[in-house]
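Tertiary structure, described
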Amino acid sequence: MRAFRLSTMTLLVLTAAAWSPSASAEPSGAAVSTDLMQLLPVELTAFGDIRYRFISPGLDEFEIGSVELDSALQLSPHVMVSAAFAYSPAEDKVGLGAFTVDGSLLGPEKKHLFRTKLLQDSGAVFGKFDVPFGLAYLEYPATENRFVDLPHVVMATHGGWNDIGGQAYAIADHFDLTLYLVNAQALESEEMVAIGKFAQHSYGGRVGLKPVSGLSLGASVAEVTGPLDTGMWGADVSATAGPIVLKNEYILRTPSDGPTVQGGYTQGLAKIGAFFAGARYETTLTDGAISDTSGAITLGAEVFPQAEIRIAHLRSFESDSQTTYLQLVGGSIWQPTGLRR
């Protein structure tokens with residue numbers, strides 16, 4: 001993530017906007033509105049988390065999990081410009097997490113260039129964004145990931161893919177479709193770069209079917225062009241029944257020069273009132289041999305609107321390593337393409 005610096009004037013403007021006596025929060029508490037923003041209609045949202053980590057083997061410690069400030073500007077009735085600035089604890093730097101220009105095309109609302117009831121939403125996005133492969137990208141924000149860490153198979157295959165390029169999306173009552181073309185440098189490993197194998201571009205997409213209410217079936221594909229020449233495929237099933245949400249995902253990555261990595265996870269989460277509990281189980285295979293099998297459980301509660309306290313325990317059955325998080329997380333989520341749902 002590239003580091004950036006805000007000018008002194010920018011900091012003063014942001015501080016004045018956030019703490020102005022005339023500032024009034026929206027009913028949801030998710031955004032800040034000021035007289036300045038009424039002239040230039042910018043919406044600010046943010047989230048972050050701080051946690052204490054118990055790890056065996058290893059040292060227990062406090063840590064910042066994430067901090068992100070998001071802004072959105074309605075440039076025209078049909079075009080939204082959004083940016084996300086995220087703090088990276090590993091690098092102790094702030095960088096550009098996302099920057100998108102989102103044009104709404106077909107749909108029933110005023111924001112759509114062409115009105116139709118056949119689609120709920122559709123459009124084209126250009127910039128830097130989380131690549132919508134599978135389901136995991138929906139839980140990149142700390143507010144959405146109640147297991148704290150992403151599944152191991154996700155990190156072993158695409159590592160929380162964020163890239164620069166373009167995408168087109170369409171959402172209807174019984175299907176959704178996303179197509180994208182991105183740079184794919186985010187998929188390069190240090191070993192591949194060292195031997196001169198670089199990615200040129202990656203193209204792919206995801207199609208989702210919703211045959212009945214509460215059930216979604218999806219399939220994803222990504223192809224990387226150039227000397228790196230790798231392919232990635234995925235399938236996912238999610239279901240909602242009352243307070244219970246179930247998610248299942250399988251991912252396969254087949255590089256031209258390197259081990260084939262594949263695996264899947266299944267997780268369930270139940271939320272009753274202010275309380276929630278969940279469990280996850282996953283397996284990762286490298287060249288056909290099991291490289292990791294792990295489980296996770298989580299328990300938590302909403303302590304006040306848009307803030308939760310969580311206890312999550314993760315264990316690898318292969319290495320017998322264990323991690324327990326005590327996490328406080330709060331804020332809003334950011335929806336750059338309308339596909340986070």
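Residues numbered from 1 in each chain as written. Predicted model: local features only at pLDDT ≥ 70, side-chain atom pairs only at ≥ 80, totals over all residues. Heavy atoms only, no water.

**Remarks on the overall build of the chain**
- Counting its secondary structure elements, the chain contains four helices and 20 strands.
- Taking all 341 residues of the chain together, 40% fall into the buried category.
- Partitioning the intrachain contacts of the chain with sequence separation of at least 6 by distance along the chain shows that 48% fall at a separation of at least 24.
- For the chain, the accessible surface area stands at approximately 17,500 Å², while carbon and sulfur atoms represent 65% of it. (Helix = DSSP H or I, 4+ residues; strand = E, 2+ residues; numbered from the N terminus. Buried < 20%, exposed > 50% of the residue type's maximum accessible area, 1.4 Å probe, protein only. Contact = heavy atoms within 4.5 Å. Areas by Shrake-Rupley, 256 points an atom, 1.4 Å probe, with all protein chains shown as cover.)

**A short note on the packing of aromatic side chains**
- Summed over the entire model, instances satisfying the criterion amount to four aromatic pairs.
- Relative to Tyr180, the ring of Trp161 has its centre 5.9 Å away and its plane inclined at 85°; by these criteria the two rings are edge-to-face. Of this pair, Trp161 sits in the loop between helix H3 (152-157) and strand E10 (162-171) while Tyr180 is found in strand E11 (residues 175-182), placing the two residues 19 residues apart along the sequence. The same class applies to Trp161 and to Tyr180, which are both buried.
- Seen in terms of ring centroids, Tyr281 and Phe317 are 6.5 Å apart; in terms of plane orientation they differ by 35°. Their pairing is tilted. Here Tyr281 is found in strand E17 (residues 275-286), whereas its partner Phe317 is found in the loop between strand E19 (307-316) and strand E20 (322-331), with 36 residues between them in sequence.
- Phe317 sits in the partly exposed class, given a relative accessible area of 46%.
- Three or more aromatic residues joined by ring pairs make a cluster, and in this case those are Tyr52, Phe54 and Phe62.
- If you follow Arg146 out to its NZ or CZ, it ends over the ring of Phe276, 4.7 Å from the centre. (Phe/Tyr/Trp six-rings, centres within 6.5 Å; stacked < 30°, edge-to-face > 60°. Lys NZ or Arg CZ within 6 Å of the ring centre and 35° of its normal.)

**A closer look at the nonpolar core**
- Core analysis: the biggest nonpolar cluster contains 21 residues, and Phe133 and Trp161 have the highest contact counts within it.
- Put simply, the parts of the chain that give this core at least two residues each are strand E9 (121-130), H3, E11 and strand E13 (215-224). (Core = buried A, V, L, I, M, F, W, Y, C linked by side-chain atoms within 4.5 Å.)

**Remarks on the environment of Ala83**
- Looking at where Ala83 falls in the secondary structure, it is placed in strand E5 (residues 79-88).
- On the basis of relative accessible area, Ala83 is assigned to the buried category, the value being 9%.
- Considered as a pair, Ala83 and Val101 are 18 residues apart in the sequence and their alpha carbons are 9.0 Å apart.

**So, the pairing of strand E3 (residues 42-56)**
- With 12 bridges connecting them, E3 and strand E4 (residues 61-76) associate as antiparallel partners. Its bridge partner being in E4, Phe47 is matched across the sheet by Glu68.
- Between E3 and the antiparallel strand that follows it, E4, lie four residues; Gly58 among them carries a positive phi value of about 140°. (Pairing = 2+ DSSP bridges.)

**Some details on the pattern of salt bridges**
- Under the counting rule described, the total for this entry stands at 12 salt bridges.
- Close ionic contact of Arg51 with Glu63 constitutes a salt bridge, the shortest N to O distance being 2.8 Å. In this pair, Arg51 sits in strand E3 while Glu63 sits in strand E4, placing the two residues 12 residues apart along the sequence. Across this residue pair, the class does not change: Arg51 and Glu63 are buried. (Salt bridge = Lys/Arg side-chain N within 4 Å of Asp/Glu carboxyl O.)

**Thoughts on unusual backbone geometry**
- Cis geometry marks the peptide bond from Ser56 to Pro57; its omega dihedral reads -5°.
- As for its placement among the helices and strands, Pro57 is situated in the loop between E3 and E4.
- The phi angle at Asp287 is positive, at roughly 50°, despite the residue not being glycine.
- With respect to the helices and strands, the residue Asp287 is situated in the loop between E17 and strand E18 (289-304).
- Since its relative accessible area comes to 54%, Asp287 is described here as exposed.

**Side note on the pairing of E17**
- Inspection of the sheet shows strand E16 (residues 261-272) paired to E17 by 12 bridges, in the antiparallel sense. Each bridged residue has a counterpart across the sheet, and for Val261 the counterpart in E17 is Thr286.
- Hairpin geometry of E16 and E17 is characterised by an intervening segment of two residues between the two adjacent antiparallel strands and by a positive phi of about 65° at Gly273.
- Bridge count between E17 and E18: 12 bridges; the pairing is antiparallel. Considered in E18, the bridge of Glu282 is made with Ser294.
- Once E17 ends, the chain turns through two residues before running back antiparallel as E18, passing Asp287 with a positive phi of about 50°.

**Observations regarding the side chain of Thr157**
- By the secondary structure assignment, Thr157 is in helix H3.
- Looking at Thr157, its side chain comes within polar contact range of the main-chain oxygen of Val153, at 2.7 Å.
- Here Thr157 is in contact with Met232, Ile251, Arg253 and Val261, once residues within four sequence places are set aside. (Polar contact = N/O pair within 3.5 Å; in protein donor to acceptor, adjacent residues only side chain to side chain.)

Note that every value here comes from positions in space, so none of it alone points to a role or purpose.
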